[in-house]
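# A look at the structure
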Amino acid sequence: LKASFFPKAVIPKNRTQRYYVMQLIGGENLNTILDYKTLSIDDAVNLGKILLDMSQYLLKYDLVHGDIKPHNIMLEKNDEEIDFKIIDFGNVTEIFSTDTKAGTPSFLSPERFQNEAISESSEIFSIGVTLYLALTGKYPYGEIEPFQSPSFKEAKKPSVFNKNIPDWLDSVILRSIAIDKEHRYSYYSEMNYELKSPQNVKPFFPKNATLIERSPLAFYKGGFIIMIIINMIFL
């Protein structure tokens, strides 16, 4: 599999043993970098696009990466710009596989803990958690240990921890990590489109959001109408 988001790999023509040679990347993995700083908004958005492009590329072969997380993302500076390379293909598996153990607990979607099939939606969840962590330095649902049965509670907006995050990106990330997969992006192309078209992103609200959170204007209009009706009754 050859693409710009993977390190280059070459199989020597006259090898006498089974091996291949992979490009040496002069950089650090994202997890190491997050020990001392978070990504800028532009770099995080670019990372999101690359992870989605990579996922769509693998989908052509009916595959998924299976273990998207900062540990498996290398950063390499090139002419003052950052290049992201996705590494570690030990968990690559067929999409819709139900018997795979691929993934790291803190990045697994809730349905994966119920042994549901790995899918675009569950991979999108891993991408969302990665972006949340890259921008805030925090896990949206806390760090989950192996063999733990986590209970998922609504995540805080990433902008709570990083005031530079715009509203539209808040919504994209929250939709990608929605606990209920019915409220999450179903396809890579959906999330990729919104990352590339911020002006078209609709606000995302959790199921338990109040009316004033969903629509402040409707809340105050409703309150004003109720006050008028009460005043008319008393008059």
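Here goes a summary of the coordinates provided.

### Description of the environment of Phe147
Its location among the elements puts Phe147 in the loop between α3 (120-136) and α4 (167-176). With relative accessibility at 88%, the residue Phe147 sits in the exposed group. Counting along the chain gives 42 residues from Phe147 to Pro105, while the straight-line C-alpha distance between them is 8.3 Å.

### What about the pattern of salt bridges?
Going through the model one piece at a time under the given rule, you end up with 4 salt bridges. Where Glu194 meets Arg175, a salt bridge forms, and the shortest distance between an N and an O atom there is 3.5 Å. Of this pair, Glu194 sits in helix α5 (residues 188-196) while Arg175 sits in helix α4, and the two are 19 residues apart along the sequence.

### A look at the side chain of Lys69
Within the element layout of this structure, Lys69 appears in the loop between β4 (63-64) and β5 (73-78). Look at Lys69 and you get buried, because its relative accessible area is 13%. In terms of polar contacts, Lys69 uses its side chain to reach the side chain of Thr104, at 2.8 Å. Contact partners of Lys69, with chain neighbours within four places excluded, come to Thr104, Phe107 and Thr130.

### As for α5
Every buried residue belonging to α5 is among Tyr188, Met191, Asn192, Glu194 and Leu195, and all of these are buried. Along α5, the residues classed as buried sweep out an arc of 165 degrees about the axis, all on the same side. At its buried positions, α5 is contacted by α2 (41-59), β4, α3 and α4.

### Remarks on the sheet that holds strand β3 (residues 28-29)
Taking strand neighbours across the sheet as the criterion, the 3 strands line up as β3-β5-β6 in an open arrangement whose pairing is antiparallel. Where the open sheet ends on each side, the last strands, each with one partner, are β3 and β6 (81-86). On the sheet, α2 packs against β5 and β6 and is oriented at approximately 30 degrees with respect to β6.

### Some points on the pairing of β6
Two strands pair when backbone bridges link them, and β5 and β6 are joined in this way by 6 bridges, in the antiparallel orientation. Each bridged residue has a counterpart across the sheet, and for Asn78 the counterpart in β6 is Glu81. Between β5 and β6, which pair antiparallel and follow one another directly, the connecting turn spans 2 residues, one of which, Asp79, has a positive phi of 55 degrees.

### Section: the packing of α3 against α4
Where α3 contacts α4, the axes come no closer than 8 Å and their chain directions differ by 135 degrees. The angle between α3 and α4 falls in the class oblique. Crossing of α3 against α4: the hand is left-handed. On α4, the residues that touch Ile124, Phe125, Gly128, Leu131, Tyr132 and Leu135 of α3 are Leu169, Ile173 and Ser176. Residue composition of the contact of α3 with α4, by class: 7 nonpolar, 2 polar and no charged.

### Remarks on the packing of α2 against α3
Two elements in contact, α2 and α3, have axes separated by 10 Å at closest approach and are oriented at 160 degrees. As judged from the angle between their axes, α2 and α3 are roughly antiparallel. Handedness of the crossing formed by α2 with α3: right-handed. Side by side, α2 and α3 meet where Ile41, Ala44, Leu47, Gly48, Leu51, Leu52, Ser55 and Leu59 of the first sit next to Glu120, Ile127, Thr130, Leu131 and Leu135 of the second. Class assignment for the residues of the contact of α2 with α3 results in 9 nonpolar, 3 polar and 1 charged.

### So, a nonpolar patch on the surface
Nonpolar side chains collect at one region of the surface, where Ile11, Tyr20, Met22 and Phe89 lie side by side and expose about 410 Å² of accessible area between them. Its location among the elements puts Tyr20 in the loop between β1 (9-10) and β2 (21-22). The class of Tyr20 is exposed, set by a relative accessible area of 53%.

About the cut-offs
Residues numbered from 1 in each chain as written. Predicted model: local features only at pLDDT ≥ 70, side-chain atom pairs only at ≥ 80, totals over all residues. Heavy atoms only, no water. Helix = DSSP H or I, 4+ residues; strand = E, 2+ residues; numbered from the N terminus. Buried < 20%, exposed > 50% of the residue type's maximum accessible area, 1.4 Å probe, protein only. Salt bridge = Lys/Arg side-chain N within 4 Å of Asp/Glu carboxyl O. Polar contact = N/O pair within 3.5 Å; in protein donor to acceptor, adjacent residues only side chain to side chain. Contact = heavy atoms within 4.5 Å. Arc of directions from axis to C-beta. Pairing = 2+ DSSP bridges. Axes fitted to C-alpha atoms, helices over the stretch in contact; angles between N-to-C directions. Parallel < 35°, antiparallel > 145°, perpendicular 65-115°, else oblique. Left-handed = near helix turned anticlockwise from the far one by under 90°. Nonpolar A, V, L, I, M, F, W, Y, C, P; charged D, E, K, R; others polar. Patch = residues over 30% accessible without salt bridge, like charges linked within 9 Å, V, L, I, M, F, W, Y side chains within 5 Å. Areas by Shrake-Rupley, 256 points an atom, 1.4 Å probe, with all protein chains shown as cover.

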